[in-house]
Amino acid sequence: MARPRTPKPTRVPPKLPQKASLGLPDRETLLKFIRESGETDKAAIARAFGLKGADRRALRVMLNEMQDAGTLSRRSRRGFAETGALPEVGVVDVVERDPDGDLLVRLTKGEDAPLVALAPGGDVVGPAPGLGDRLLVRFLRLENGEFEARLIKRLGQSAHRVLGVVRKARREVRVEPVDRRSKDTLVLDDPGDLRDGDLVVAQVSGAAGRYGPHRGKVLEVVGREDEPRAASLIAIHAHGIPTGFSQAAEAEAEAAEPPTLSGREDLREVPLITIDPADARDHDDAVYAHPDEDPKNPGGWVVWVAIADVAAYVRPGSALDKEAREKGNSVYFPDRVEPMLPERLSNGLCSLREGENRACLAVRMVFGADGRKRSHRFVRGLMRSAAKLAYEQAQAAIDGKLDDKTGPLLETVLKPLWAAYACLKKGRDARSPLAIESLERKIHIDEMGRVASILPREALEAHRLIEEFMIQANVCAAETLEQKKTPLIYRVHDAPSQEKIFALVDFLATLGMPWTKGEAPRTERFNRLLEETRDGPNAEIVNEVVLRTQMQAHYNTENIGHYGLNLVKYAHFTSPIRRYADLIVHRALITALGLGKDGLSERDIAQMKGTAEQITFAERRAMAAERDATDRYVAAFLSDRVGAEFAGKITGVTRFGLFVRLAETGADGLVPVSSLGGEYFIHDDRAHALVGERTGARWPLGMSVQVRLREATPITGGLLFDMLSEPAPPDRTAPRPRLGVRARGDRRPGGGFKGPPRGKLHGGGAGRTPKSRGKKTRPKR
């Protein structure tokens with residue numbers, strides 16, 4: 001279980017004694033002063049106690065004696081600190097995980113420094129910290145006297161622990177890191193019976209020489225690089241994804257019993273159905289709709305959304321609850337799922353299986369003919385799913401292609417659902433949430449665990465129907481809990497920052513598209529921009545830049561609304577099998593509405609802020625792991641096509657090259673600046689382009705290009721391309737970018753490149769290109 005978090009404490013400066021007459025302090029008083037100071041020097045101590053002459057000399061002797069005794073240690077040439085004490089801010093390595101799954105860190109320069117738990121959460125963009133990472137943290141003392149470390153900045157992977165691949169040579173055996181950002185190769189002291197290609201976790205044991213690589217030892221063999229499923233295995237270990245469940249949690253899951261009608265409303269005659277991806281195994285939600293029979297609401301609709309009642313099985317303080325909170329969410333890879341709950345629950349008693357009685361928490365929503373919600377009520381019920389349908393199957397039925405399952409449901413269930421959605425869509429259109437398009441691709445894995453194909457996910461009306469029904473149910477949860485003054489965790493999304501808006505305005509100016517910098521960034525304004533460019537040559541690039549302008553959504557106990565959905569109140573309620581946030585909201589509803597004794601505990605309420613931080617951290621950790629696994633699978637899929645030519649588009653522009661996304665697979669790779677021609681290029685970040693200093697030739701964001709695959713590195717997920725297309729002609733109307741320092745292409749040998757900034761509006765982060773306006777880059781001649 002993760003330690004309960006408290007509100008951020010602050011360091012209180014030590015109360016300085018009066019200088020006048022205290023004289024030389026005794027050792028206990030001196031140690032207390034140094035402890036409260038964190039770190040101090042002899043001069044500061046003398047000033048604080050008003051010491052002069054002989055007392056200052058005696059102080060020096062006392063400090064030296066306390067240092068010799070091990071009570072004090074030097075942090076710098078002159079500074080003293082209590083041995084084992086921690087500075088306010090320090091650089092640490094993530095060295096291990098405790099039995100509860102917390103990451104433990106230690107100061108990089110402090111063999112005597114204690115292990116400290118890393119607090120989850122924070123607003124740091126990028127991959128979540130994992131074993132072997134080097135971090136800048138702030139140390140804070142909790143009310144119980146213990147310290148915790150709060151992440152300020154991720155500094156990269158340290159050499160303390162390395163996840164890598166064994167490479168055998170004639171004279172030595174090395175471990176090469178799988179992290180493409182790391183250059184810390186280890187030479188093994190005792191390779192034993194390791195094989196070339198083994199995936200291992202290794203630890204530094206010493207330096208080989210002044211300039212040579214570190215020496216290390218293997219702690220664990222986690223697999224083989226040539227295993228078909230190695231990509232997800234690497235991602236799990238690299239990002240510290242908690243795996244499996246304790247015996248206690250498994251035992252609790254196995255002891256769970258099927259639900260009964262006791263204390264529940266009987267919804268088994270309501271023909272609720274589940275609509276999910278074809279390969280889904282856990283089914284959180286079921287839906288049903290029918291016309292409202294109330295004569296006061298002509299043309300209105302009643303929509304039922306029933307959600308798995310996970311709170312009935314995962315009780316506060318249980319082993320299941322502790323481990324679900326630490327995991328935060330299920331993590332989905334192309335070849336496997338690391339679930340938040342054991343299979344007995346996630347795919348069994350909590351999953352809304354067709355034809356089986358299941359406990360649920362349902363909301364009945366009434367909408368007017370204009371699509372606006374008029375009322376809602378929650379019930380704790382017992383349901384029985386009338387059918388399990390895939391998105392494609394339900395859509396095909398509406399489009400006239402019926403099968404044995406959808407045929408009997410068409411008139412009674414499916415058509416009413418679509419008619420209700422047509423009504424709700426009126427309200428959605430009036431609300432005008434952000435209409436950014438995101439082309440997603442699905443990696444299909446064959447029976448051997450290899451990538452069989454990478455195909456775009458088809459965007460169906462069935463997807464939008466379920467999404468809108470879930471959004472409305474989430475709004476109902478937030479509204480009810482606010483009305484009942486019950487603590488909850490909101491899903492929040494802030495408006496774009498002024499800096500991001502100014503960057504967007506500068507870019508749009510290069511396309512001749514006006515946007516006043518003082519204009520409020522309303523969602524309808526973004527949507528109008530997207531609509532104006534939808535059928536033009538700049539549609540994809542404008543969509544991409546608008547996406548990158550957005551902030552990251554996260555969980556918070558303070559409500560700031562959800563900008564992207566254009567909603568004032570929003571909370572996650574509809575996926576408790578795979579998200580801990582939803583489970584907390586379920587418990588809150590149970591408490592607020594008096595639906596049982598298994599609602600919020602006092603501990604849930606006390607640590608709700610910490611829970612919001614933890615699950616935000618876990619979500620970003622999961623996204624980074626899923627993205628890295630996908631990159632590696634794509635690189636493996638393309639590894640036998642080195643030399644092949646592909647069509648693509650420039651999706652990222654940096655001073656060291658161009659990121660290109662392939663049209664065929666959606667794979668991202670880098671074209672180093674070294675392959676772009678024989679002149680210096682200026683990175684114009686306002687126009688998102690590389691501009692030739694001599695010719696003015698341009699490589700702008702969004703340009704369609706042809707590339708040749710030069711290198712594919714499955715172990716790191718890196719792809720390198722050579723540019724085959726010619727640059728765009730000079731833009732004589734554009735202002736000339738400022739000149740900057742000259743820099744060569746930044747190719748990193750052997751590992752490829754990390755892809756361009758990416759993210760999801762509601763769950764991920766809007767990417768950012770490096771701030772390097774005016775930097776010149778020159779190809780190698």
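Residues numbered from 1 in each chain as written. Predicted model: local features only at pLDDT ≥ 70, side-chain atom pairs only at ≥ 80, totals over all residues. Heavy atoms only, no water.

Draft legend 1. Representation of the overall build of the protein chain in the model. In terms of helices and strands, the protein chain carries 16 helices and 36 strands. When each of the 781 residues of the protein chain is scored for burial, the buried share is 54%. Long-range contacts, defined here as pairs at least 24 residues apart, represent 68% of the contacts in the protein chain between residues at least 6 apart. (Helix = DSSP H or I, 4+ residues; strand = E, 2+ residues; numbered from the N terminus. Buried < 20%, exposed > 50% of the residue type's maximum accessible area, 1.4 Å probe, protein only. Contact = heavy atoms within 4.5 Å.)

Draft legend 2. Region of the structure containing the nonpolar core. Ranked by size, the top nonpolar core spans 92 residues in total, and within it I273, V303, V305, L345, L417, F469 and F573 carry the most contacts. Among the elements that make up this core, the one with the highest residue count is helix α10 (residues 461–483) (ten residues). Sequence-distant contacts of V305, defined by excluding residues within four places in its chain, comprise A286, V287, L361, A362, V363, M365, F469, M470 and A473. (Core = buried A, V, L, I, M, F, W, Y, C linked by side-chain atoms within 4.5 Å.)

Draft legend 3. Seen up close, the pairing of strand β16 (residues 285–291). Among the seven residues in β16, five count as buried, and that is most of the element. Bridge count between β16 and strand β17 (residues 301–308): seven bridges; the pairing is antiparallel. Paired with A286 across the bridge in β17 is A306. (Pairing = 2+ DSSP bridges.)

Draft legend 4. Region of the structure containing helix α6 (residues 319–327). Counting buried residues in α6 gives eight out of nine residues, a clear majority hidden from the surface. If you check which residues of α6 are buried, you get A319, L320, D321, E323, A324, R325, E326 and K327. Residues of α6 that are buried make contact with β4 (89–97), α5 (247–255), β19 (337–338), α7 (343–349), α14 (580–593) and α16 (608–638). Downstream of α6 by one or two residues, G328 has phi in the positive range, about 80°.

Draft legend 5. Fine view of the packing of aromatic side chains. Inspection of every chain in the model, using the stated rule, returns four aromatic pairs. Arranged with centres 5.5 Å apart and planes meeting at 70°, the rings of F33 and F49 form a pair that is edge-to-face. In this pair, F33 is assigned in helix α1 (residues 27–37) and F49 in helix α2 (residues 42–49), connecting sequence segments 16 residues apart. As far as burial versus exposure is concerned, F33 and F49 are alike and both buried. Aromatic side chains F378 and F573 sit 5.4 Å apart centroid to centroid with 80° between the ring planes, which places their arrangement in the edge-to-face category. Of this pair, F378 sits in strand β21 (residues 373–384) while F573 sits in the loop between β26 (554–556) and α14, and the two are 195 residues apart along the sequence. One cation-aromatic arrangement involves K327 over F245; the distance from NZ or CZ to the ring centre is 4.4 Å. (Phe/Tyr/Trp six-rings, centres within 6.5 Å; stacked < 30°, edge-to-face > 60°. Lys NZ or Arg CZ within 6 Å of the ring centre and 35° of its normal.)

Draft legend 6. Main features of the packing of α6 against α16. Axis separation between α6 and α16 bottoms out at 7 Å; the angle between their running directions is 60°. Classified by the angle their axes make, α6 and α16 are oblique. Of the residues in α16, those touching α6 at R325, E326 and K327 are G610, T611, Q614, A618 and R621. (Axes fitted to C-alpha atoms, helices over the stretch in contact; angles between N-to-C directions. Parallel < 35°, antiparallel > 145°, perpendicular 65-115°, else oblique.)

Draft legend 7. Structural view of unusual backbone geometry. Even without a glycine there, the phi angle at S432 is positive, about 60°. In this fold, S432 is placed in the loop between α9 (410–431) and β23 (441–445). The buried category is assigned to S432, whose relative accessible area is 15%. Residue K485 is not a glycine yet carries a positive backbone phi of 55°. Here K485 is to be found in the loop between α10 and β25 (490–492).

Draft legend 8. Just the confidence of the model for the protein chain, in detail. In this model, the protein chain carries an average pLDDT of 84, and 85% of its residues clear a pLDDT of 70 or more. Across residues 739–781, where pLDDT falls below 50, the model places 149 contacts with residues more than four positions away in sequence or in other chains. (pLDDT = per-residue confidence, 0-100.)

Draft legend 9. Representation of the pattern of salt bridges within the structure. Under the defined criterion, the tally for this structure stands at 47 salt bridges. Among the charged side chains, a network of salt bridges with common partners joins R264, D309, R315, R380 and D598. (Salt bridge = Lys/Arg side-chain N within 4 Å of Asp/Glu carboxyl O.)

Draft legend 10. Representation of the environment of A503 within the structure. The topology assignment puts A503 in helix α11 (residues 498–510). Residues A503 and D685 lie 182 residues apart in sequence; the distance between their C-alpha atoms is 8.6 Å.

Draft legend 11. Region of the structure containing the pairing of strand β24 (residues 451–456). In the sheet, β23 pairs with β24 via five bridges, with the strands oriented antiparallel. Paired with R441 across the two strands is P456, which belongs to β24.

Draft legend 12. Spatial organisation of α14. The terminal C-alpha atoms of α14, which comprises 14 residues, lie 20 Å apart, in line with the 20 Å expected from a rise of 1.5 Å per residue. The element α14 is extensively covered by neighbouring structure, given that twelve of its 14 residues are classed as buried. By the burial criterion, the buried members of α14 are Y580, A581, D582, L583, I584, V585, H586, R587, A588, L589, I590 and A592. Immediately beyond the C-terminal end of α14, within one or two residues, lies G594, with a positive phi of roughly 65°. (Expected span 1.5 Å × (residues − 1).)

Draft legend 13. Inspection of the environment of G518 at higher detail. Along the chain, G518 turns up in the loop between α11 and α12 (523–533). Overall, G518 belongs to the exposed group, its relative accessible area being 74%. Residues G518 and Q498 lie 20 residues apart in sequence; the distance between their C-alpha atoms is 9.4 Å.

Draft legend 14. View of the environment of P339. With respect to the element layout, P339 can be found in the loop between β19 and α7. Distance in space between the C-alpha atoms of P339 and D282 is 9.8 Å, their sequence separation being 57 residues. Discounting chain neighbours no more than four positions away, the residues touching P339 are F245, K327, S330 and S346.

Draft legend 15. Seen up close, the side chain of R587. Mapped onto the fold, R587 is located in helix α14. Apart from residues no more than four positions distant in its own chain, R587 is found in contact with A311, V314, R315, P316, D321, Y580, D598, G599, L600 and D604.

Draft legend 16. A look at the packing of α11 against helix α13 (residues 539–549). Packing of α11 against α13 brings their axes to within 9 Å, and their N-to-C directions diverge by 165°. The angle between α11 and α13 falls in the class roughly antiparallel. The interaxial crossing formed by α11 with α13 has right-handed handedness. Contacts from K500, I501, L504 and F507 in α11 reach I541, V545, R548 and T549 in α13. For the contact of α11 with α13, the residue count by class is five nonpolar, one polar and two charged. (Left-handed = near helix turned anticlockwise from the far one by under 90°. Nonpolar A, V, L, I, M, F, W, Y, C, P; charged D, E, K, R; others polar.)

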